[in-house]
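The primary structure of each chain is shown beneath.
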Amino acid sequence: MGTSDRSERLIRLRRLVLDAMERARDHSGGRLSDVFARFADAADADGLTRDDFYRAARADTVEKLSQSKLSRLAAILDAGGFVEREEGPTAALVRALESLSRTSHLPERLLAALPHRMLCLRRSYLAPDAVNVSHVEITREDVELHYRETRAGSLGSSSQRSEIRGSVLWNEEVENVLYVIGHNEFRTNFAVEEAVSMRTQIVVLSVLSPVRPPSFAALAGVHVGLTPDNNPDLPGVPYAATQVFIETERTLAEAAQAQLIQNYPLGGILKASAWTDAERRLLKDADALGRLKSGIDPHYGLLAVPTRRTRHI
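Scope of this entry: the structure provided in the associated data block. (Residues numbered from 1 in each chain as written. Predicted model: local features only at pLDDT ≥ 70, side-chain atom pairs only at ≥ 80, totals over all residues. Heavy atoms only, no water.)

Notes on the overall build of the protein
Argument step 1. When helices and strands are tallied, the protein shows nine helices and ten strands.
Argument step 2. Looking at the protein residue by residue over its 313 residues, the buried ones come to 46%.
Argument step 3. Considering only intrachain contacts with a sequence separation of at least 6, the fraction spanning at least 24 residues in the protein is 59%. (Helix = DSSP H or I, 4+ residues; strand = E, 2+ residues; numbered from the N terminus. Buried < 20%, exposed > 50% of the residue type's maximum accessible area, 1.4 Å probe, protein only. Contact = heavy atoms within 4.5 Å.)

Overview of unusual backbone geometry
Argument step 1. Cis geometry marks the peptide bond from Pro 213 to Pro 214, where omega comes out at 10 degrees.
Argument step 2. On the secondary structure map, Pro 214 appears in the loop between β7 (197–210) and β8 (218–226).
Argument step 3. Of note, Asp 287 is a non-glycine position whose phi angle comes to about 50 degrees, a positive value.
Argument step 4. Within the fold, Asp 287 resides in the loop between α8 (277–285) and α9 (288–293).

As for empty space enclosed by the protein
Argument step 1. With the rule as written, the count across this model stands at four cavities of 30 Å³ or more.
Argument step 2. Approximately 60 Å³ is the volume attributed to the second largest cavity.
Argument step 3. Lining the second largest cavity are ten residues, with Leu 114, Ile 138, Val 180, Leu 208 and Leu 219 positioned closest to its centre.
Argument step 4. Of the residues that constitute the lining of the second largest cavity, the class distribution is ten nonpolar, no polar and no charged. (1 Å grid on protein atoms, 1.4 Å probe; cavity = no way out; pocket = protein on both sides within 12 Å on 5 of 7 lines; lining within 4 Å. Points joined across faces, edges and corners; volume = space filled by probe spheres on them. Nonpolar A, V, L, I, M, F, W, Y, C, P; charged D, E, K, R; others polar.)

As for the environment of Arg 58
Argument step 1. Along the polypeptide, Arg 58 turns up in the loop between α3 (50–56) and α4 (67–79).
Argument step 2. Counting along the chain gives 36 residues from Arg 58 to Glu 22, while the straight-line C-alpha distance between them is 9.1 Å.
Argument step 3. Within the structure, the side chain of Arg 58 is placed 2.7 Å from the side chain of Asp 60, a separation counted as a polar contact. (Polar contact = N/O pair within 3.5 Å; in protein donor to acceptor, adjacent residues only side chain to side chain.)

Quick notes on the pattern of salt bridges
Argument step 1. Considering all chains together, one arrives at seven salt bridges under this definition.
Argument step 2. Linking Arg 15 and Asp 19 is a salt bridge whose minimum nitrogen-to-oxygen distance equals 3.3 Å. Residue Arg 15 and its partner Asp 19 are located together in helix α1 (residues 8–27), separated by four residues, close to a single helical turn.
Argument step 3. It is possible to trace a salt-bridge network through shared partners that takes in Asp 52, Arg 55 and Lys 69. (Salt bridge = Lys/Arg side-chain N within 4 Å of Asp/Glu carboxyl O.)

Details of the side chain of Thr 248
Argument step 1. With respect to the helices, strands and loops of the structure, Thr 248 is situated in the loop between β9 (239–247) and α7 (252–257).
Argument step 2. Take Thr 248: its relative accessible area is 7%, and that puts it in the buried class.
Argument step 3. At a separation of 3.1 Å, a polar atom in the side chain of Thr 248 contacts the main-chain amide nitrogen of Arg 250.

Some words on the nonpolar core
Argument step 1. By size, the foremost hydrophobic cluster in this structure holds 25 residues, and its most contacted members are Val 17, Met 21, Phe 39, Phe 53, Leu 70, Leu 73 and Leu 77.
Argument step 2. Among the secondary structure elements, those contributing two or more residues to this core are α1, α2 (32–45), α3 and α4.
Argument step 3. Among the elements that make up this core, the one with the highest residue count is α1 (seven residues).
Argument step 4. Not counting chain neighbours up to four residues away, the residues in contact with Val 17 comprise Ala 56, Leu 70, Leu 73, Ala 74 and Leu 77.
Argument step 5. Judged by nonpolar contacts, the second largest core, of 24 residues, contains Ile 246, Leu 260, Leu 266 and Ala 286. (Core = buried A, V, L, I, M, F, W, Y, C linked by side-chain atoms within 4.5 Å.)

Following this line, the structure appears as structure tokens:
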């Protein structure tokens, strides 16, 4: 059954499919039967029929298609080269988010290539002029690859610890992009008050790409999330931060002992004495300072913008 949803996203998706079908039909001499024949195998694999293709070719019938079928049609037509993507600072992020519905666990070849330990440098959305360094462990349990990130931060008299637990996923149709979906749990302590601890959980998403594929020794991308307590002035506004990952041989205990897991001034992040020579080479190779200094991710167009200093990240 179709949907009567008139959301902006669904309207854009219908228009995208209509335009792509028109290009595919023109490419096939105006014959819809030839368009379907071209994509018959892919359509069968995705549970789409000839009638779905015919409905997608007309403005008065495309509304009968569900959002799920439209998304699958768009992916098939895109693979055929008939989708003209929107350009703009957030177009890449929109494509990445849309592809999440088709993600799966990493295949063996990527499992073997992904580092087991990494350090994450992220523009702080708690302190605008700081970079937070955290330690990441990626472990395999059963058939799933699990991601655990531990980090620390401070703001005046407050200290904070957080841990992200999630899964690393990928979309086989989107080259060189990894996704991390999980929950971030914060614990905040306020030293100037009585002993107080506060916990906040948020759903988070990271979209990452290798700096020099096929190597996964250095990754770069964005980290996004949303929590009602994040911004008391605008509770519905998500946060977003640029980030860089580099491979490390150090455990969390070793990184903490070296006093690496903390906030650093943006301009002095590479000057910290705690980096090993191998880590420093990866930071320079990834242009970590350049990526973080601008505050805006060059590919996804997102940045961290705290509107005021609050107790919650």
